[in-house]
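# Structural description and commentary
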Amino acid sequence: MPVSIDNVQMLRRRTRTSLRLIADALGSFEADPAVSRLAAAFGGDPTHITDRRIGEPGYRSRHLHFSSGGEIVTHDEAVVSVTLHVAPTPTAPQGVTLNHWFANVDNDATLDDLAAALKTTPKYTGEGSRQFTLEGLDVWSIFTESRLEERGNLLRLLFRTARQELEHSDTHEQCPTCSNLLVRRGGEGSGVAVDDTVAALSHALEHGLVTEDESSVALSDLLPLHTSGLMDAAETRLTCTACGRVLCLTTFRNADPTFEYVTWGAASTRPLDEIPPVEQWGDAARIAAESGRMHLVDHLPGGWFLVEQRGELFLDARYSCGPTDFSALIRLDDSEREAYRAEGADYISDLARRIDNSGPFQKESPYFSRDLYRTSKRDRYKNEVNRAVSHVTWMAQQRRRRR
Ligand SMILES: [Zn+2]
């Protein structure tokens, strides 16, 4: 049946009305009429509400679930996201009927169907997730992983205003791996029980449930550093391997400790105070452990790392071999060390270039036999260098992941 002009306009109006209803609710307070109007469109009163404090002192998070498949999330009363659940949930066994909200979008829509109906091109935001921008709203379409072009795999549409953070962590608030790692002194809002929280995090770290961000204070160093009183703020950051949230436990010299769940994007822009030399706060064992470690001295992004260990300097220089990049680890000899002292980073860049040009993967290269990554201690060197440069590479990795 041919679609009449009137019909097309009516369909467009339906989509526009839905977007307006959601946009008006986002950023409004729970008691505002805009939220009541959206709730009415979701069928009236929510059938299930979860209400919990995230972090300490943190914020109050409420999830209002409607039997129609709608969900409204508020943080400290303000609406931060709206979700249309297509896949059944415990509170909405049917899921939403998407074409009541968006003209020409059915519940079994593929990514291409969505793009065609919404007349816009989505951005990659992760496996199974793509983001559309519609009239000032960011809309995430979430599919069963890597099945975006097969019918029946659309799980939900999630809406935020464009000024809200890309990956706000509310979708992971109930992550079973990391949600219970914060130990409070009493009820919600009573403050962080630091010793118990450190114990819970250590247990999770030992079992590989979280990983440590090497640029922050090591978890095992947090209490000695706090006790030393040398840092205004000492922060340990751990990343949950299940949901990707970064858990920040922070002690302050003059204030109560805090525990926050943030996205990696937010974590990477938070400042970290410099950690004072271990001799000033560590016990004998900790000082001994530090003295044997490699330390990053300097680096050129994408080019080389210069590390130091027990007075020796080592250069990790990237070189190309066919389409792939590898790196060589060279212990600087006396004359090279002298040249570095005189000329600084320029000399190291020049040396790295000479290493690359010599083709250090061939026996003819003077660097072939000097490459410590070609020795039986290769793995040990790799691990030590990786640890020494990890905060630099961590940042680069986060930036890549964001793209
Ligand atoms: Zn988690």
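Residues numbered from 1 in each chain as written. Predicted model: local features only at pLDDT ≥ 70, side-chain atom pairs only at ≥ 80, totals over all residues. Heavy atoms only, no water.

Turning to the domain arrangement of the protein, a few remarks are in order. Split into domains, the protein comes out as domain 1 (5–170), domain 2 (194–280) and domain 3 (292–402). Here domain 1 and domain 2 have C-alpha centroids that lie 34 Å from each other. (Domains from an automatic or database assignment.)

Here the focus is the pattern of salt bridges. This structure, assessed with the given rule, holds 26 salt bridges. For Arg370, the salt bridge is made with Glu336, and the minimal N-O distance between the two is 2.7 Å. With Arg370 in the loop between helix H9 (345–357) and helix H10 (378–402) and Glu336 in helix H8 (residues 334–343), this residue pair connects regions lying 34 residues apart in the sequence. Note on Arg370: relative accessible area 25%, which makes it partly exposed. Members of the salt-bridge network, linked through shared partners, are Glu30, Asp51, Arg60, Arg62 and Glu188. (Salt bridge = Lys/Arg side-chain N within 4 Å of Asp/Glu carboxyl O. Helix = DSSP H or I, 4+ residues; strand = E, 2+ residues; numbered from the N terminus. Buried < 20%, exposed > 50% of the residue type's maximum accessible area, 1.4 Å probe, protein only.)

Most of strand S8 (residues 154–161) is tucked away: six of the eight residues are buried. Judged from the four bridges that link them, strand S4 (residues 78–85) and S8 form a sheet pairing that is antiparallel. If you follow Thr83 over to S8, its bridge partner there is Leu158. When strand S7 (residues 137–143) meets S8, the two strands line up antiparallel, connected through seven bridges. Note that in S8 the partner of Asp138 across the bridge is Arg160. (Pairing = 2+ DSSP bridges.)

By the element assignment, Arg62 lies in strand S2 (residues 59–65). Discounting chain neighbours no more than four positions away, the residues touching Arg62 are Glu30, Ile49, Thr50, Asp51, Ile72, Val73 and Thr74. (Contact = heavy atoms within 4.5 Å.)

Turning to the sheet that holds strand S15 (residues 312–321), a few remarks are in order. Whenever strands of a sheet pair, they do so through backbone hydrogen bonds, lying parallel or antiparallel. If you walk across this open sheet you meet the four strands as S13-S14-S15-S16, and the pairing is antiparallel. Two strands in the sheet have a free side with no partner beyond their single neighbour: strand S13 (295–300) and strand S16 (324–331). Between one strand axis and the next, the sheet turns by 20° as a mean value, whatever way the strands run. Across six bridges, the pairing between strand S14 (residues 304–309) and S15 is antiparallel. Paired with Trp304 across the bridge in S15 is Ala317. Helix-sheet contacts for H8 involve S13, S14, S15 and S16, and the interaxial angle to S15 is about 90°. (Axes fitted to C-alpha atoms, helices over the stretch in contact; angles between N-to-C directions.)

This part takes up the coordination of the zinc ion. Only Cys175 (SG), Cys178 (SG), Cys240 (SG) and Cys243 (SG) from the protein reach the zinc ion as donors, at distances of 2.3 to 2.4 Å. One can describe the site at the zinc ion as tetrahedral: its four donor atoms subtend angles covering 104 to 115° at the metal. Mapped onto the polypeptide sequence, the residues donating to the zinc ion form the spacing pattern C-x2-C-x61-C-x2-C. Under the relative-accessibility criterion, Cys178 is labelled buried at 0%. (Donors = N, O, S within 2.8 Å, 3.2 Å for Na, K, Ca; no water. Tetrahedral: all angles 85-135°; square planar, octahedral: opposite > 155°, others 65-115°.)

Contact geometry for helix H4 (residues 194–206) and helix H5 (residues 219–228): axes closest at 9 Å, N-to-C directions at 160°. The orientation of H4 relative to H5 falls into the category roughly antiparallel. As H4 runs across H5, the sense of the crossing is left-handed. Seen from H4, the contacting residues are Val194, Asp195, Val198, Leu201, Ser202 and Leu205; seen from H5, they are Leu219, Leu222 and Leu223. In terms of residue class, the contact of H4 with H5 is made up of seven nonpolar, one polar and one charged. (Parallel < 35°, antiparallel > 145°, perpendicular 65-115°, else oblique. Left-handed = near helix turned anticlockwise from the far one by under 90°. Nonpolar A, V, L, I, M, F, W, Y, C, P; charged D, E, K, R; others polar.)

Counted according to the given criterion, the structure contains seven aromatic pairs. Ring pairing ties together the aromatic residues Phe42, Phe66 and Trp101, which thus form one cluster. Residue placement shows Arg160 over the ring face of Trp140; its charged tip is 5.7 Å from the ring centre. The cationic tip of Arg380 hangs over the ring face of Tyr381; the distance from NZ or CZ to the ring centre is 5.3 Å. (Phe/Tyr/Trp six-rings, centres within 6.5 Å; stacked < 30°, edge-to-face > 60°. Lys NZ or Arg CZ within 6 Å of the ring centre and 35° of its normal.)

If a residue is not glycine, its phi is most likely negative; likewise, a peptide bond is most likely trans. Along the chain, Glu56 connects to Pro57 via a cis peptide bond; the corresponding omega equals 0°. In this structure, Pro57 sits in the loop between strand S1 (48–54) and S2. If you check the backbone angles, Asn104 has positive phi at about 65° while not being a glycine. Positionally, Asn104 belongs in the loop between S4 and helix H3 (111–118). Overall, the relative accessible area of 57% leaves Asn104 in the exposed class. The residue Glu135 is not glycine, and still its phi comes out positive at about 45°.

Now for H8. Buried residues of H8: Glu336, Arg337, Ala339 and Tyr340, and no others. Projected down its long axis, H8 carries its buried residues within an arc of 160°, all on one side. In this structure, H8 carries Asp334, Ser335, Arg341 and Ala342 as exposed residues pointing more than 90 degrees from its buried face. Immediately beyond the C-terminal end of H8, within one or two residues, lies Gly344, with a positive phi of roughly 75°. (Arc of directions from axis to C-beta.)

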